[in-house]
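# Notes for the structure review
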Amino acid sequence: MAEISNGIARKRVLVFGASGTIGRATLRQLKSDGYDVTGVVRSASDRRDEASAARPSDAKLRFCDFANSDSVSKDVFRNESFDVVVSCLASRTGEKKDAYFVDYEANMQILRAAKSAGAEHMILVSAICVQKPRLAFQHAKLAFEKELIASGLTYSIVRPTAFFKSLSGQIERVKRGKPFLVFGDGTHTRCKPISDADLGRYISECITNPERHDRILPIGGPGPAISPREQGEMLFELLNMKPRFRYVPIALLTSFIHILGAMGKVFERAQAAAEYARIAHYYATESMLVFDDDRKVYCEAATPETGDDTLFEHYAKVLDTDH
């Protein structure tokens, strides 16, 4: 299966979701580590230029339409052999229909095609929040995790904590002099943010590290764990501004969920809005750390760490680029 280059066997790796930030970082790392890598995006119209610009110049790219059940085999695998398949796919909205189509059904199409093509190992990027599932996308991810574990392939299920990108949405707001928004008092939840590059490196290492085979792997960036309020304080410090926070009551989100849920029985668009409110409520009340089920608490010490990149350094780079 592996390609021979200069007398050395190079494993062939497929990376699905190669147009996303994690997929692009994983593609770059795999190329750097010497693998024969092919990236896959959902369709030729799925930001072709962006995906091409972000990938290594010599990395191959293929397009897949998951709405066509034959596309994974026909357009991606093409009767070729691959050693490892990596899925960085994730629902873009979190809505039930989209979540089950992407997080479950699209991954099932990949799994079936991978087995037929003789792949040996599948690496799945899941999410640490599936430990306490209450949302549609969490249940979809768990359903596929179960299928992958039972598939007979070697599996590595990577459950990362919060991404830098997801914690950077208020940079422009703060720069404009507006307060940093937090739910509750801003200290109820914590996470160990992980950079795209550090996560891409961790995923690549899953191929050769036997301790990451047939395992569920929660992972965060370097500690300590930080709260939303501490994230805001970082920004204000970097901007040499006096900290200003706006505290949004969690009960307000709860009210939105009840109101939109009732409206959703009549209006389809309200159903989607209610799910967004449920997602916001979840992240406002649950930490992105390993959950100790015996003690019923999130545990910073039990949350593994990888890499060197910190959120503070990321904020500094973003602000320096803006200048």
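For the structure itself, consult the block above.
Structure report, in brief.

So, how was this worked out
Residues numbered from 1 in each chain as written. Predicted model: local features only at pLDDT ≥ 70, side-chain atom pairs only at ≥ 80, totals over all residues. Heavy atoms only, no water. Patch = residues over 30% accessible without salt bridge, like charges linked within 9 Å, V, L, I, M, F, W, Y side chains within 5 Å. Areas by Shrake-Rupley, 256 points an atom, 1.4 Å probe, with all protein chains shown as cover. Salt bridge = Lys/Arg side-chain N within 4 Å of Asp/Glu carboxyl O. Lys, Arg positive; Asp, Glu negative; His and termini not counted. Charge placed at Lys NZ, Arg CZ, Asp CG, Glu CD. Helix = DSSP H or I, 4+ residues; strand = E, 2+ residues; numbered from the N terminus. Buried < 20%, exposed > 50% of the residue type's maximum accessible area, 1.4 Å probe, protein only. Pairing = 2+ DSSP bridges. Axes fitted to C-alpha atoms, helices over the stretch in contact; angles between N-to-C directions. Contact = heavy atoms within 4.5 Å. Parallel < 35°, antiparallel > 145°, perpendicular 65-115°, else oblique. Left-handed = near helix turned anticlockwise from the far one by under 90°.

## Regarding a positive patch on the surface
Together, Arg-176, Lys-178, Arg-244 and Arg-246 make up a region of like positive charge exposed at the surface. As for its placement among the helices and strands, Arg-246 is situated in strand S11 (residues 245-248). Arg-246 gets classed as partly exposed once you look at its relative accessible area, which sits at 46%.

## Considering the sheet that holds strand S5 (residues 60-63)
Read across the open sheet, the seven strands follow the order S5-S4-S3-S6-S7-S8-S10; overall the sheet is parallel. The outermost strands of the open sheet, each flanked by one partner alone, are S5 and strand S10 (215-219). Across the sheet, the mean angle separating the axes of adjacent strands is 20° when strand polarity is ignored. On the sheet, helix H5 (residues 136-149) packs against strand S7 (121-125), strand S8 (154-160) and S10 and is oriented at approximately 155° with respect to S8.

## Remarks on the packing of helix H1 (residues 21-32) against helix H7 (residues 196-205)
Contact geometry of H1 with H7 gives a least axis separation of 8 Å together with a crossing angle of 55°. With respect to H7, the element H1 is oriented oblique. At the point where H1 passes H7, the crossing takes the right-handed sense. Mapping the contact onto sequence places Thr-21, Ile-22, Ala-25, Thr-26, Gln-29 and Leu-30 in H1 and Asp-196, Ala-197, Leu-199, Gly-200, Arg-201, Ile-203 and Ser-204 in H7.

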